[in-house]
Amino acid sequence: MSVEGAAAFARFAYPPNALGYCGPADAEGTLRVGADQGPVDEAAVLALARRFEGAWPYLELLAGDGGDPLAVDVVDGYWLGNERSARIDPEAFSRHLHDRVGDRLGVPWESVAEAISAGGRPTHAFHVLSASPFVALARRGAIDQALRVIDGCRIAPGEVLAVAGEEAIVRLEPLVWRRGTVRVGSPEERRIRCPVGGVFPNEPLSAGDRVAVHWDWVCERLEPQRWAGLGAAQDQQLELVERLGRADDGT
């Protein structure tokens, strides 16, 4: 098991875990993953990661038979999107996800399978936008409630403008509901948590840093390649949602 990958997974998983949306009840246990400098209890870390029942099936798929679900490029492939997630065979993706979760995603399996066939990739963006019920809720009129979850739960690319203690001002593009679908809106500034130490990066952020944001927490500082991968995964998934929405509407 990759300790670095496990810590990266925990950085992204902790914010919704702390809010009670997913994972084990002991969110502080997630926060401690990878923070200790002593020997790592691999069995305990893997057991904890499996409690994130939304993410774990994707990590298993991306790792492949006998692979490490917490390898760094596997973790990146799910949360951000990379070459590993881009090259997964759609039939294998559909079969794996159906076998692991079937109709327990909160949306009809037929719509999930359709999204995979249309080009969906095994990323967190896919899980939020095509394998969760929130886009459908917005289409039925619960726009404000659904958008709050969609925008918070997706991994947002942002640029740090200023840092004060354990908070940063980050410029990012919110998701909005426009012309019957989810789109990227105009940039806005948000106050985001950026704690130092523990499982989070030990080096403080600086103005100009590009980062990944999850539920108003800075999870990672991103170099250009990973920044581009996150943006591409988000744009590809938003285009897919819009295209399938137009087909459902007959337009």
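In what follows, the accompanying structure is described.

Rules used in this analysis
- Residues numbered from 1 in each chain as written.
- Predicted model: local features only at pLDDT ≥ 70, side-chain atom pairs only at ≥ 80, totals over all residues.
- Heavy atoms only, no water.
- Helix = DSSP H or I, 4+ residues; strand = E, 2+ residues; numbered from the N terminus.
- Buried < 20%, exposed > 50% of the residue type's maximum accessible area, 1.4 Å probe, protein only.
- Contact = heavy atoms within 4.5 Å.
- Areas by Shrake-Rupley, 256 points an atom, 1.4 Å probe, with all protein chains shown as cover.
- Lys, Arg positive; Asp, Glu negative; His and termini not counted.
- Charge placed at Lys NZ, Arg CZ, Asp CG, Glu CD.
- Salt bridge = Lys/Arg side-chain N within 4 Å of Asp/Glu carboxyl O.
- Pairing = 2+ DSSP bridges.

Quick notes on the overall build of the protein chain
Working step 1: Tallying secondary structure elements over the protein chain gives 12 helices and seven strands in all.
Working step 2: Its C-alpha atoms put the protein chain at 55 × 40 × 35 Å along the principal axes.
Working step 3: Here the protein chain holds 251 residues, and the buried ones make up 50% of them.
Working step 4: Relative to all contacts within the protein chain whose residues are 6 or more apart in sequence, the contacts with residues 24 or more apart total 59%.
Working step 5: Of the roughly 11900 Å² of accessible surface on the protein chain, 48% is carried by carbon and sulfur atoms.
Working step 6: In the protein chain, 26 positive and 37 negative side-chain charges are present, and the distance between their average locations comes to 4 Å.

As for unusual backbone geometry
Working step 1: Residue R179 is not a glycine yet carries a positive backbone phi of 50°.
Working step 2: Looking at the element boundaries, R179 is found in the loop between β3 (175-178) and β4 (181-184).
Working step 3: For R179, a relative accessible area of 66% translates into the label exposed.
Working step 4: Of note in this structure, W215 is not a glycine but carries a positive phi near 50°.
Working step 5: By the element assignment, W215 lies in the loop between β6 (210-214) and β7 (217-221).

Re the pattern of salt bridges
Opposite charge on two side chains allows them to pair when their charged atoms are near.
Working step 1: As enumerated under the stated definition, the model contains 15 salt bridges in all.
Working step 2: The closest approach of N and O atoms between R100 and E60, which form a salt bridge, is 3.0 Å. Here R100 is found in helix α7 (residues 90-101), whereas its partner E60 is found in helix α4 (residues 56-63), with 40 residues between them in sequence.
Working step 3: By relative accessible area, which is 26% here, E60 ends up partly exposed.
Working step 4: Between D76 and R226 there is a salt bridge, and its shortest N-O distance comes to 2.8 Å. With D76 in helix α5 (residues 72-79) and R226 in helix α12 (residues 224-249), this residue pair connects regions lying 150 residues apart in the sequence.
Working step 5: Looking at D76, the relative accessible area reads 11%, which means it is buried.
Working step 6: Taking relative accessible area as the criterion, R226 reaches 16% and is therefore assigned buried.

Concerning the pairing of strand β1 (residues 156-164)
Regular strands place their side chains on alternate faces of the sheet.
Working step 1: Relative to β6, β1 is paired through four bridges, and the arrangement is antiparallel. Within β6, the residue paired with E159 across the bridge is R210.
Working step 2: The pairing of β1 with strand β2 (residues 167-172) spans six bridges and is antiparallel. Bridge pairing links V163 to A168 in β2.
Working step 3: Between β1 and β2, which follow one another and run antiparallel, lie two residues, and G165 among them has a positive phi close to 65°.

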